[in-house]
Amino acid sequence: MSGNTKTLGEFIIENQASFKYSTGELSKLINAIRLAAKVVNHEVNKAGLVDILGASGETNVQGEDQQKLDVMANKKFIQTLTNREIVCGIASEEEDDFISINSLDNNHQNKYVVLFDPLDGSSNIDVNVSVGTIFSIYRRVTPIGTPVSIEDFLQPGRNQVAAGYIVYGTSTMLVYTTGHGVNGFTLNPAIGTFYLSHPDMRYPEDGKIYSMNEGNYVHFPEGVKRYIKYCQQEEGDRPYTSRYIGSLVSDFHRNMIKGGIYIYPKSNAAENGKLRLLYECNPMAFIAEQAGGKASDGFTRIMDIAPTELHQRVPFFCGSRNMVTKAEEFMQQS
Ligand code: AHM
Ligand code: MG
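Residues numbered from 1 in each chain as written. Chains lettered and ligands numbered in written order. Predicted model: local features only at pLDDT ≥ 70, side-chain atom pairs only at ≥ 80, totals over all residues. Heavy atoms only, no water.

## Looking at the overall build of the chain
- Broken down by element type, the chain carries eight helices and 15 strands.
- Its C-alpha radius of gyration of 19 Å places the chain within 12% of the 20 Å reference for a compact globule of 334 residues.
- With the C-alpha coordinates aligned to their principal axes, the bounding extent of the chain is approximately 65 × 45 × 45 Å.
- In the chain, which comprises 334 residues, the share counted as buried stands at 57%. (Helix = DSSP H or I, 4+ residues; strand = E, 2+ residues; numbered from the N terminus. Rg over C-alpha atoms; globule rule 2.2 N^0.38 Å. Buried < 20%, exposed > 50% of the residue type's maximum accessible area, 1.4 Å probe, protein only.)

In structure tokens:
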């Protein structure tokens, strides 16, 4: 961060001017996410110290065990966004249905909806491995002044107005885009301020890291199996290095900095893979593309997929442009 002392707060104000017809609503929304990120960061960091670890005993809509911190992160984000009255609707990985937000004096006047995964990679919490929050923001499509409806959430990723993630890692970072490139901010925990540490992040066009759960190899489609063999072949700059944390935000963040590809394909066991289109793949795809990278389901651009349900899953190939294109070639041959 040498010599760079711009804070996230200052950056948000400066960049508000670059949005045509901006009313400041999006800036306020990013500010609320910044606040929620700090609260969740505080909880994640003290998780090892207090009796907060472990499954909460509840299961979420997809039948997976929820960890206590997932529940807490979900509450904090919803509370922050609701209290500040800056969005008209919220959808979360941890909520069965979307939430319509309104207050008596507001009368459904807000124009943005937020979709998020409050704590992704939560199976890593118990073992002190990085987890993250992912968020995606859209302008509503139904008229202002009416309650939000499902169409406001089921928009293709290319309609996103902003997207980002927070990685709670060795240091905590907030990385986001509003469609004008990608910028990364690192939290100084001593004073609770995010500083611009990674301006204009760029995904290297090529990379040497492939990230996927190879334990599922036997269940993978032929195209993915052949791509893995290609990555392991000795030729040119190959074999590539295999790195898989099992925490999408962390795997993505490393690959964006170093160059690489993340793959969560469909398999015999899971027809559409595991990751969720609306609050995991679309926001990551928007960030990847804004940084010069690429994201697809092996055949189609992720952000062109027309969603049909809130918790829809989709195969995910995301990373350095040339690596994703190569993996697509293998998929399309099979
Ligand atoms: P989650 O939303 O339940 O945490 O699942 C998403 C996570 C991703 O962060 C990670 O890349 C993937 O699941 C790991 O899955 P697997 O254990 O099947 O490799
Ligand atoms: Mg998740």
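There is more to say after this.
## Examining the pattern of salt bridges
- Tallied over the entire structure, the rule returns twelve salt bridges.
- Residue Asp304 pairs with Arg158 through a salt bridge whose shortest N-O separation is 3.0 Å. Of this pair, Asp304 sits in the loop between β14 (294-296) and β15 (316-319) while Arg158 sits in the loop between α4 (150-153) and β7 (162-168), placing them 146 residues apart in sequence.
- With a relative accessible area of 36%, Asp304 lands in the partly exposed category.
- Residue Arg158 is classed as partly exposed on the basis of its relative accessible area, which comes to 48%. (Salt bridge = Lys/Arg side-chain N within 4 Å of Asp/Glu carboxyl O.)

## Comments concerning the sheet that holds strand β8 (residues 172-177)
- Read across the open sheet, the eight strands follow the order β4-β3-β5-β6-β7-β8-β9-β10; overall the sheet is mixed. Whereas interior strands pair on both sides, the edge strands pair on one side only; in this sheet they are β4 (99-100) and β10 (193-198).
- In terms of strand pairing, strand β6 (residues 131-139) meets β7 through seven bridges, oriented antiparallel. Its bridge partner lying in β7, Phe135 is registered against Gly164.
- Along the sheet, helix α1 (residues 8-16) makes contact with β8, β9 (182-188) and β10, crossing β8 at roughly 5°.
- Taken strand by strand, helix α6 (residues 248-258) contacts β5 (112-120), β6, β7, β8, β9 and β10, and its axis lies near 100° from that of β7. (Pairing = 2+ DSSP bridges. Contact = heavy atoms within 4.5 Å. Axes fitted to C-alpha atoms, helices over the stretch in contact; angles between N-to-C directions.)

## Focus: the domain arrangement of the chain
- Domain annotation for the chain reports domain 1 (8-198) and domain 2 (209-333).
- Using C-alpha coordinates to define each centre, domain 1 is positioned 23 Å away from domain 2.
- Carbon and sulfur atoms make up 63% of the surface buried where domain 1 meets domain 2, a total of about 2,800 Å² over both sides.
- Remark: the boundary between domain 1 and domain 2 carries two salt bridges.
- One salt bridge connects Glu93 with Arg276, and the closest N-O pair in it is separated by 3.0 Å.
- Among the secondary structure elements, those contributing two or more residues to the side of domain 1 that touches domain 2 are β3 (89-92), β5, β6, α4, β7 and β8.
- Looking at side-chain class alone, the side of domain 1 that touches domain 2 contains 23 nonpolar, 18 polar and eight charged residues. (Domains from an automatic or database assignment. Buried area = accessible area lost by both parts, 1.4 Å probe. Nonpolar A, V, L, I, M, F, W, Y, C, P; charged D, E, K, R; others polar.)

## Thoughts on the site of ligand 1
- Among the 17 residues in the neighbourhood of ligand 1, the closest are listed as Asp120, Tyr244, Leu248, Tyr262 and Tyr264.
- Side-chain polar atom of Asp120 to an oxygen atom of ligand 1: 2.5 Å apart, as the coordinates give it.
- Between Glu280 and ligand 1, the recorded distance is 3.1 Å, taken from a side-chain N or O atom to an oxygen atom.
- Summarising the interface, the protein chains cover 85% of the accessible area of ligand 1, which totals 470 Å² for the free molecule.
- Counting residues per element, the ones that place at least two in the shell around ligand 1 are β5 and β13 (260-264).
- Grouping the constituent residues of the shell around ligand 1 by class yields five nonpolar, five polar and seven charged.
- Viewed by domain, the shell around ligand 1 spans two of them, domain 1 (8-198) and domain 2 (209-333), each represented by three or more residues. (Near = heavy atom within 4 Å. Polar contact = N/O pair within 3.5 Å; in protein donor to acceptor, adjacent residues only side chain to side chain. Areas by Shrake-Rupley, 256 points an atom, 1.4 Å probe, with all protein chains shown as cover.)

## A look at the nonpolar core
- With 41 residues, the main nonpolar core has Leu29, Leu81, Leu119, Ile137 and Tyr176 as its most contacted residues.
- Here the element with the most residues in this core is helix α2 (residues 25-46); it accounts for nine residues.
- When near neighbours in sequence (up to four residues on either side) are disregarded, Leu119 contacts Val40, Val44, Leu69, Asp70, Ala73, Ile125, Val131, Gly132, Thr133 and Tyr168.
- Of all hydrophobic cores here, the second largest spans 31 residues; its members include Met173, Met256, Ala285 and Ile305. (Core = buried A, V, L, I, M, F, W, Y, C linked by side-chain atoms within 4.5 Å.)

## Overview of the packing of aromatic side chains
- In the structure shown here, the tally under the stated rule is 13 aromatic pairs.
- Residues Phe11 and Phe185 carry aromatic rings whose centres are separated by 5.1 Å and whose planes lie at 70° to one another, so their mutual orientation is edge-to-face. Pair noted here: Phe11 is in helix α1 and Phe185 is in strand β9, with a separation of 174 residues, a long-range link. The two residues Phe11 and Phe185 agree in class, both being buried.
- For the ring pair Tyr165 and Phe252, a centre distance of 5.7 Å and an interplane angle of 80° mean the geometry is edge-to-face. Of this pair, Tyr165 sits in strand β7 while Phe252 sits in helix α6; the two residues are 87 residues apart in sequence, bridging distant segments of the chain.
- The structure contains a cluster of three or more aromatic residues connected by ring pairs, namely Tyr227, Tyr230, Tyr240 and Phe330.
- Arg238 extends its terminal NZ or CZ atom over the ring of Tyr230, reaching a point 3.7 Å from the ring centre. (Phe/Tyr/Trp six-rings, centres within 6.5 Å; stacked < 30°, edge-to-face > 60°. Lys NZ or Arg CZ within 6 Å of the ring centre and 35° of its normal.)

## Regarding the coordination of the magnesium ion (ligand 2)
- Within the protein, the atoms that donate to the magnesium ion (ligand 2) are Glu93 (OE), Asp117 (OD), Asp120 (OD) and Glu280 (OE), at distances of 1.9 to 2.5 Å.
- Mapping the donors of the magnesium ion (ligand 2) onto the primary sequence yields the spacing E-x23-D-x2-D-x159-E. With Glu93 in the loop between β3 and β4 and Asp117 in strand β5, the pair connects residues that are 24 residues apart, well separated along the chain.
- When its relative accessible area of 6% is taken as the criterion, Glu93 is described as buried. (Donors = N, O, S within 2.8 Å, 3.2 Å for Na, K, Ca; no water.)

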